[in-house]
Amino acid sequence: NTVSPAPAAQSATDATLRALFIADNDFEYIPDDIVKLKNLEILVLRDNELQDLPPAISRLGKLKELHLQNNQFNLLPPELCEYAFRYMLNLMCLLLCFVLTSWLALN
């Protein structure tokens, strides 16, 4: 099942949506307007085809869990690192890829 990303927020859900599970959909991008989900605490983006994240994702002030494993990331937005203490980054395979890429770049 492949679903095209739609705008992340509708006014009726902005205030109430606490968890968003959009895993395993082959998404290549996440719309910037995901930041409209002000009460989002859990965002599951694993098992897609994401290559980057919108910098606006760092403005999700209540986000506690961000699951990113099994995507195609080259870089994560620097803004995400600035707010990393708020996130439990579930990166498993992603972390391994960064370590291997860094090691290969040095050798």
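As shown above, the structure is provided for reference.
Cut-offs and rules
- Residues numbered from 1 in each chain as written.
- Predicted model: local features only at pLDDT ≥ 70, side-chain atom pairs only at ≥ 80, totals over all residues.
- Heavy atoms only, no water.
- Helix = DSSP H or I, 4+ residues; strand = E, 2+ residues; numbered from the N terminus.
- Contact = heavy atoms within 4.5 Å.
- Salt bridge = Lys/Arg side-chain N within 4 Å of Asp/Glu carboxyl O.
- Buried < 20%, exposed > 50% of the residue type's maximum accessible area, 1.4 Å probe, protein only.

Mapping R18 onto the fold places it in the loop between α1 (11-14) and β1 (19-21). For the pair R18 and L40, spaced 22 residues apart in sequence, the C-alpha to C-alpha distance is 4.2 Å. Setting aside residues up to four positions removed in sequence, R18 forms contacts with N39, L40, E41 and I42.

For the rest of this paragraph, the subject is unusual backbone geometry. Phi at D47 takes a positive value of approximately 60°, unusual for a residue other than glycine. Tracing the sequence through the fold places D47 in the loop between β2 (42-44) and β3 (65-67). The backbone of N70 shows a phi angle near 60°, a positive value even though the residue is not glycine. Residue position: N70 is located in the loop between β3 and α2 (78-82).

So, on to the pattern of salt bridges. Summed over all chains, the structure comprises one salt bridge. In this structure, D47 and R46 form a salt bridge, with 3.8 Å as the shortest nitrogen-oxygen distance. On the accessibility criterion, D47 (27% relative accessible area) is partly exposed.

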